[in-house]
Amino acid sequence: MYELLTIIPVFMTVLLGYIFLATFSFGSILALIISWSRNASIRWAIFHGWLGWFYVLYYCLRLRKRPQFS
């Protein structure tokens, strides 16, 4: 029973680490796609991919302020 109690925190730490990395990887990929679709520049896409979720949030906030034409 004692071995099980020592393994559970290690398992949870590893699991949370994978979730953390997957979340930031998804944010970077999403930022790359958004940047490429707007700028068509590999330099900007790499830079925005490095920023990750910060660029995605910036894009969403900026998109909301844009006037909508119909």
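Higher on the page you've got the structure.
Now for a look at the structure at hand. (Residues numbered from 1 in each chain as written. Predicted model: local features only at pLDDT ≥ 70, side-chain atom pairs only at ≥ 80, totals over all residues. Heavy atoms only, no water.)

**Section: the overall build of the protein**
Move 1: When you go through the protein residue by residue, the secondary structure sums to 3 helices and 0 strands.
Move 2: Reading the secondary structure of the protein in the N-to-C direction produces α-α-α.
Move 3: Counting only residues that meet the buried cut, the protein has 17% of its 70 residues in that class.
Move 4: At a minimum sequence separation of 6, the contacts of the protein that also span at least 24 residues come to 38%. (Helix = DSSP H or I, 4+ residues; strand = E, 2+ residues; numbered from the N terminus. Buried < 20%, exposed > 50% of the residue type's maximum accessible area, 1.4 Å probe, protein only. Contact = heavy atoms within 4.5 Å.)

**Notes on the nonpolar core**
Move 1: Listed in full, the 5 residues of the largest apolar core are A31, I34, Y55, V56 and Y59.
Move 2: Going through the elements one at a time, α1 (2-39) and α3 (53-65) are the ones with two or more residues in this core.
Move 3: Sorting elements by how many residues they give to this core places α3 first, with 3 residues.
Move 4: Not counting the four nearest positions on each side in its chain, V56 is found in contact with G27, L30, A31 and I34. (Core = buried A, V, L, I, M, F, W, Y, C linked by side-chain atoms within 4.5 Å.)

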